[in-house]
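A structural walkthrough
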Amino acid sequence: MKLSQLANPRILKQPVYEPGKPIEEVARDHGLQPDQVCKLASNENPWGPSALAKRAAGEALEQLHLYPDGSGHLLISQLASHHSLQEDQFILGNGSNEIIELLGHVFLEPGDEVVCGEFAFVVYKLVALLMGAKPVEVEMPCLVHDLSKMSEAITEKTKLVFLPSPNNPTGSANSEAEIFEFVRSLPEHIIFCFDEAYAEYLDQPPDLRPLIDEGRKVICLRTFSKIHGLAALRIGYGYGSKEMIRLLQQARQPFNVNAVAQSAALAALSDKEWVLRCRSWNRAGLEQLSIGFKKLGIEYIPSHANFILTKPGDGRSLFLELQKQGVITRALGPTLADYLRISVGTEEENIRLLSALEQALSVCRA
Ligand SMILES: *Cc1c(COP(=O)(O)O)cnc(C)c1O
């Protein structure tokens, strides 16, 4: 008997998430040194984490023989004061991706439907499929989430609705007012997940706490992988009602978030200065790239995050051509074949990307 015959049949059909190419792999493939390769593929913070976070991570290495605090008490108490909520309104995850999976474990059964945008962050769909639920992908005209179309897609079978804003990979965002109206219009049997992975790049991110207070079934997700620059450590969190958090806590593993990540995140959260600085550097980077794309005659979607979705035509060829020059970007699936997602880098990296892109365009258009 083949091993695969023993597997849950869903696993055999489960699509595999394709991450941004690692620097080492591109270096190996193209005969480059890793330090010659620049990665603008995964929306990481090119300036790295706060120095306080690095120091805290280093100090945590002295205690590697001990299990982490499974309750994440110190970090959660700081998060509670950061967001002016109660401690039992928070859950930590091994990246906010883990919390997306926990939502699946807690709420989804085979046959349930999960509503998300056709060009939304792909992990929602993957988790729905993993749980045997049906992803219902709603059209996104102009590559923005259309909340009225999402409302229309909701049925008796819908359990979860995901809205990332700013969204990855489009960089588009929805306003607080329209989100409030949408959430208040949801039927009682719907759980609304608001994914705020890029919230810190906005001056005034939508604040859904009033919706949580009024008893709406809302879970908000944040991550330390993006503006906080701690993607390597895998840590994120969710906040919502006590009841919501209790259910999610029931489904998680005892030590899901490691001690180094907890210490570094705690320090990162305290360094508000660094977050502000990165936000403003990012804004300058978006401007620099936008000007460059215009000069190259490349269309792009104005971004509210730390990456830009460009439409240079044949994203896959450009992605491969750029790699030869040591620049990693992100090509997207067949439905966005003409697009290329480019993360904001340092000023130098952006210059390098733009010149590599000019070169790649001349090769690909020849
Ligand atoms: C990057 C990203 C995340 C965060 O993932 P982590 O697991 O916390 O690294 C979540 N949602 C969206 C939309 C993202 O782009």
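In what follows, the accompanying structure is described. (Residues numbered from 1 in each chain as written. Predicted model: local features only at pLDDT ≥ 70, side-chain atom pairs only at ≥ 80, totals over all residues. Heavy atoms only, no water.)

Points about the overall build of the chain
What counts is decided by this rule: Secondary structure elements follow DSSP: runs of H or I of four or more residues count as helices, runs of E of two or more count as strands, with numbering from the N terminus. Every radius of gyration here is taken over C-alpha atoms, with the globule rule written as 2.2 Å times N^0.38, N being the number of residues. Each residue gets one of three labels from its accessible area relative to the maximum for its type: buried under 20%, exposed over 50%, partly exposed in between, using a 1.4 Å probe on protein chains only. Any two residues whose heavy atoms approach within 4.5 Å are treated as being in contact. Computed by Shrake-Rupley with a 1.4 Å probe, the accessible areas treat only the displayed protein chains as cover when residues are assessed.
Helix and strand content of the chain: 14 helices and 13 strands. A compact globule built from 366 residues would reach a C-alpha radius of gyration of about 21 Å, and the chain, at 21 Å, matches this within 12%. Once the C-alpha set of the chain is aligned to its principal axes, its extents read approximately 55 × 55 × 50 Å. Per-residue burial over the chain gives 52% buried out of 366 residues. Partitioning the contacts of the chain with sequence separation of at least 6, the portion at a separation of at least 24 is 72%. When the accessible area of the chain is evaluated, it comes to approximately 17200 Å², of which 52% is carbon and sulfur surface.

Here's the deal with the layout of surface pockets
Applied cut-off: Cavities and pockets are defined on a 1 Å grid built over the protein atoms alone: a cavity is a set of grid points where a 1.4 Å probe fits but cannot escape, while a pocket is an open set with protein on both sides within 12 Å along at least five of seven lines, and lining residues are those with an atom within 4 Å of any such point. Grid points are joined across faces, edges and corners, and a volume is the space filled by probe spheres set on the points. The classification used treats Ala, Val, Leu, Ile, Met, Phe, Trp, Tyr, Cys and Pro as nonpolar, Asp, Glu, Lys and Arg as charged, and all other residues, Gly among them, as polar.
The calculated volume of the second largest pocket comes to roughly 450 Å³. Those elements that provide at least two residues to the lining of the second largest pocket are helix 4 (73-83), strand 8 (236-240) and helix 12 (272-296). Looking at the lining of the second largest pocket element by element, the count peaks at four residues for helix 12. When grouped by side-chain class, the residues that make up the lining of the second largest pocket number 10 nonpolar, three polar and eight charged.

Here's the deal with empty space enclosed by the protein
Enumeration over the complete set of coordinates arrives at one cavity of 30 Å³ or more. Each pocket or cavity is described by its volume, and for the largest cavity that value is around 60 Å³. Residues belonging to the lining of the largest cavity are distributed by class as follows: five nonpolar, six polar and two charged.

What about the site of the ligand?
In plain terms, the rule: Distances are taken per atom, and a residue is near a molecule or strand as soon as one of its heavy atoms is within 4 Å of it. Residues adjacent in sequence count toward polar contacts only when both atoms are side-chain atoms; beyond that, a polar contact is any pair of N or O atoms within 3.5 Å, and within protein one must be able to donate a hydrogen and the other to accept it.
Surrounding the ligand, one finds 13 residues, the nearest of these being Asp195, Tyr198, Thr223, Ser225 and Lys226. One of the backbone N or O atoms of asparagine 97 is found 3.0 Å from an oxygen atom in the ligand. The fraction of the free accessible surface of the ligand (390 Å²) that becomes covered by protein chains is 94%. Partitioning the shell around the ligand into residue classes produces four nonpolar, six polar and three charged.

Observations concerning the packing of aromatic side chains
We apply this condition: Planes of paired rings set the category: under 30 degrees apart is stacked, over 60 is edge-to-face and the rest tilted, where pairs are Phe, Tyr or Trp rings (Trp by its six-membered ring) whose centres lie within 6.5 Å. In this scheme, the term charge over a ring applies when either NZ of a lysine or CZ of an arginine sits within 6 Å of the ring centre and within 35 degrees of the ring normal.
For the structure on display, the rule yields 14 aromatic pairs. Summarising the aromatic geometry, the rings of phenylalanine 121 and tyrosine 124 are spaced 5.6 Å apart at their centres and angled 75° between planes, so their arrangement reads as edge-to-face. Ring pairing ties together the aromatic residues Phe90, Phe224, Tyr237 and Tyr239, which thus form one cluster. Stacked on the ring of phenylalanine 307, the Lys or Arg arginine 341 has its end atom at 5.7 Å from the ring centre.

Digging into the side chain of asparagine 282
By the secondary structure assignment, asparagine 282 is in helix 12. Looking at asparagine 282, the relative accessible area reads 3%, which means it is buried. Ignoring anything within four residues of it in the chain, the contact list for asparagine 282 reads Trp47, Tyr201, Ala305, Asn306 and Val344.

Things to note about the sheet that holds strand 12 (residues 330-331)
The condition is simple: By this definition, two strands are paired if DSSP reports at least two bridges between them.
Strand order in the open sheet formed by four strands is 9-10-13-12, and the pairing between neighbours is antiparallel. Each end of this open sheet is capped by a strand with a single partner; those strands are strand 9 (299-300) and strand 12. Note that strand 12 and strand 13 (residues 340-343) share two bridges and pair antiparallel. Counted as the bridge partner of arginine 330 is arginine 341 from strand 13.

Considering the nonpolar core
Inclusion rule: The term nonpolar core refers to a set of buried residues drawn from Ala, Val, Leu, Ile, Met, Phe, Trp, Tyr and Cys, joined through side-chain atoms within 4.5 Å.
Formed by 46 residues in total, the largest nonpolar core has its most connected members in Phe192, Leu208 and Phe224. For leucine 208, the contacting residues outside a window of four places in its chain are Ile179, Phe180, Phe192, Phe194, Val218 and Cys220.

A short note on the sheet that holds strand 4 (residues 134-138)
Applicable threshold: Comment: axis = line fitted to C-alpha atoms, over the contacting stretch for helices; angle = value between 0 and 180 degrees taken between N-to-C directions.
If you walk across this open sheet you meet the seven strands as 2-8-7-6-5-3-4, and the pairing is mixed. The outermost strands of the open sheet, each flanked by one partner alone, are strand 2 (90-93) and strand 4. For this sheet, the mean angle separating the axes of adjacent strands, direction not counted, is 20°. Examined bridge by bridge, strand 7 (residues 218-223) and strand 8 share five bridges and lie antiparallel to one another.

With respect to the pairing of strand 8
With five of five residues buried, strand 8 lies mostly within the body of the structure. In strand 8, alternate side chains face the same way, and those of Gly236, Gly238 and Gly240 on one face and Tyr237 and Tyr239 on the other are all buried. By the bridge criterion, four bridges tie strand 2 to strand 8 in an arrangement that is antiparallel. Bridge assignment links glycine 93 to a residue of strand 8, and that residue is glycine 236.

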